[in-house]
Amino acid sequence: MISALEHHSNIVPWQMLRERGVRLVVAPVDTAGGFDLPGLERCLGPRTRLVALTHVANVTGEMLPVEAIVRLAHACGAKVLLDGCQAAPRLPVDVAALDCDFYAFSGHKCYGPTGIGALYGKRALLEAMPPWQGGGDMIITVTFDETLYQAPPHRFEAGTPDISGAVGPAAALDFMTQLDRDAIAAHERSLTGYARARLAGVAGVRLVGPEATAIGVVSFTVESVHPHDLATVLDQHALAIRAGHHCAQLLMDRLGLAATARVSFGVYNDEADVDALIAAVEAAQRIFGG
Amino acid sequence: MDLRELYQDVILDHGRHPRNHHALAAPSHMARGHNPLCGDRVTIFLRLDGARIAEASFEGRGCAISTASASLMTELVIGKMVAEANALFRIFRAQATEVDAPSVPVHLIEDAERLAPLTGVKAYPARQMRDARLARLGNGGEGRRRRCRRQDGVRR
Ligand SMILES: Cc1ncc(COP(=O)(O)O)c(C=O)c1O
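Keep in mind that what you see is a predicted model, and the values were worked out from it rather than measured. (Residues numbered from 1 in each chain as written. Chains lettered and ligands numbered in written order. Predicted model: local features only at pLDDT ≥ 70, side-chain atom pairs only at ≥ 80, totals over all residues. Heavy atoms only, no water.)

**Q** Looking at this structure, how should I read the environment of B:Arg47?
**A** All names here are of chain B. Note on placement: Arg47 falls in strand β2 (residues 41-49). Expressed as a C-alpha distance, the spacing of Arg47 and His29, which sit 18 residues apart in the sequence, is 6.3 Å. Discounting chain neighbours no more than four positions away, the residues touching Arg47 are Leu24, Ala26, Ser28, Arg52, Ile53, Ala54 and Glu55. There is a polar contact of 2.7 Å between the side chain of Arg47 and the side chain of Glu55. (Helix = DSSP H or I, 4+ residues; strand = E, 2+ residues; numbered from the N terminus. Contact = heavy atoms within 4.5 Å. Polar contact = N/O pair within 3.5 Å; in protein donor to acceptor, adjacent residues only side chain to side chain.)

Printed below as a string of structure tokens:
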């Protein structure tokens, strides 16, 4: 089971499994694009095997009530995988306290390089899982008749690993852990709240998604300015934002939007950046509003 | 590049008030385009009278540049022979994506000049549709998949 908030990377792999008889269920979102816990509860059942949800939604910044989700899913005998791509750089994440079964995140969202990430799994589950790929380094002994596999995690890392690729995220995570993780979360929450409040004050701007637990990203549309035109104008003001569907077409379809503009914050942003954003949005309105 | 060069008045005008922005009642040809990266969906309608384009229109909307380009295209192809429209298309593609200015036959110079404001996208690779077909002047049905580069702002 996934939700309508998911990034394509938490949709497409599960769709591929449908060929093997897996049924994919999509838990609903409410009309504002917010996560719907009772809706998820209604979808859960004795045949639910895995609930794979985002921890923080990449379009709306909404933080999901993951503790409650884990409890509900476990009560049905389902395992839980959380997509932490947006959460890991922003929140202190304690996988043991969350009690999730798997947790995934990407290096490039944590100030590290692209193309590499991490997957956490509970040891007992990993030990029960067969390797998904064979090769060197993942074995204890090999004979022509039989091969004994290493214990996890080595069992899942066939071949010479991407050592140089792993050095980058390790350094990035060291950088992040030297900062106070609670302070990062507080900083991101306060910037998100400030940006939402300032954007809400601009006539013609519509914020996408619920406010309550939003952290780190703010999606919005501007009347009479298409998100891609807005991104180009903002770029000229030295503001880098993302425009488009953000690899979340399920959500965009539910919201009836083809594209939004999205700002996302990092530890280096401050309120002056938000003020510059507001000025640039108003400049775009002057160009296209006419 | 200055923003006003990209967003010239013609583009802003056609972006706000696209011409021929409706479906045709009895099209002879139709093509759908969906840009999976930016989400734009456009449907183009044609009614051919022999080898002449009697009517052209479009539905759907994207950014100012894509809306203006669809709008200007419909204006320019109406009344043209299919072969002429194809020639204009090739010239425009070259104008908008290639370094060297294409040579333009005399009878198409005026049309090519009307499209010139759109060539500002040359400085913005992310705003170009790399292998788009401006109009599939064939038996449309399912339009061809279009690709454009991801639209991310440039870092400071
Ligand atoms: C919530 C979320 N999940 C998954 C991804 C995909 O990560 P990757 O492209 O590294 O697979 C992203 C961002 O790209 C994301 O924001």
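From this point, the narrative continues.
**Q** Explain helix α10 (residues 271-289) of chain A here, please?
**A** Side chains three or four residues apart in an α-helix point the same way, a direct result of the helix having 3.6 residues per turn. In this model, α10(A) (19 residues) spans 26 Å end to end at C-alpha, consistent with the 27 Å of a helix rising 1.5 Å per residue. Taken as a whole, α10(A) has its buried residues at A:Asp273, A:Val274, A:Leu277, A:Ile278, A:Ala280, A:Val281, A:Ala283, A:Ala284, A:Gln285, A:Ile287 and A:Phe288. (Expected span 1.5 Å × (residues − 1). Buried < 20%, exposed > 50% of the residue type's maximum accessible area, 1.4 Å probe, protein only.)

**Q** Help me understand the packing of helix α8 (residues 227-236) of chain A against α10(A) in this model?
**A** The relative placement of two packed helices comes down to the angle between their axes together with the axis-to-axis distance. All names here are of chain A. Remark: α8 packs on α10, axes separated minimally by 9 Å, with the N-to-C direction vectors making an angle of 120°. The angle between α8 and α10 places the two elements in the oblique class. The way α8 lies across α10 gives a crossing that is right-handed. Counting all contacts with α8, which are made through Asp229, Leu230, Val233 and Leu234, the residues of α10 involved are Leu277, Ala280, Val281, Ala284, Ile287 and Phe288. (Axes fitted to C-alpha atoms, helices over the stretch in contact; angles between N-to-C directions. Parallel < 35°, antiparallel > 145°, perpendicular 65-115°, else oblique. Left-handed = near helix turned anticlockwise from the far one by under 90°.)

**Q** I tried to follow the interface of chain B and chain A on my own but got confused; where do I start?
**A** Many authors give the size of an interface as the accessible area that is lost as the parts come together. Listed per partner, the contact involves 24 residues of chain B and 24 residues of chain A. For the chain B and chain A pair, buried surface summed over both sides reaches about 2000 Å², with 50% attributable to carbon and sulfur atoms. The interface formed by chain B and chain A holds 0 salt bridges in total. At the junction of chain B and chain A, the tally comes to 5 residue pairs in polar contact (both at pLDDT 80 or more). The set of elements that each furnish at least two residues to the side of chain B that touches chain A consists of α1 (3-6), α2 (9-16) and α3 (64-77) of chain B. Considering only residue class, the side of chain B that touches chain A consists of 13 nonpolar, 4 polar and 7 charged. (Buried area = accessible area lost by both parts, 1.4 Å probe. Salt bridge = Lys/Arg side-chain N within 4 Å of Asp/Glu carboxyl O. Nonpolar A, V, L, I, M, F, W, Y, C, P; charged D, E, K, R; others polar.)

**Q** Where do I start with unusual backbone geometry in this structure?
**A** Most of the time, phi is negative for any residue but glycine, and the peptide bond is trans. Residue and element names in this part refer to chain A. Note the cis peptide between Pro152 and Pro153, where omega equals 5°. Among the structural elements, Pro153 can be located in the loop between β8 (147-149) and α6 (163-178). A positive phi angle, near 65°, is found at Tyr111, a position not held by glycine. Secondary-structure assignment places Tyr111 in the loop between β5 (102-106) and β6 (117-121). Its relative accessible area of 30% is what places Tyr111 among the partly exposed residues. Of note, the phi angle at His246 is positive, near 60°, even though the residue is not glycine. Along the polypeptide, His246 turns up in the loop between β11 (242-244) and α9 (249-255). Given a relative accessible area of 1%, His246 falls into the buried group.

**Q** Even after reading the chapter, I still don't get the domain arrangement of chain A, so can you show me in this structure?
**A** Residues and elements named next belong to chain A. Looking at chain A, the domain boundaries give domain 1 (2-132) and domain 2 (181-283). Distance between the C-alpha centres of domain 1 and domain 2: 24 Å. The partner domain 2 presents 31 residues to the 30 residues of domain 1 that form the contact. At the boundary of domain 1 with domain 2, total buried surface from both sides reaches about 2400 Å², with 60% on carbon and sulfur atoms. Run the count over domain 1 and domain 2 and you get 1 salt bridge. In this structure, Arg90 and Glu188 form a salt bridge, with 2.7 Å as the shortest nitrogen-oxygen distance. Along the contact surface separating domain 1 from domain 2 lie 16 residue pairs in polar contact (both at pLDDT 80 or more). (Domains from an automatic or database assignment.)

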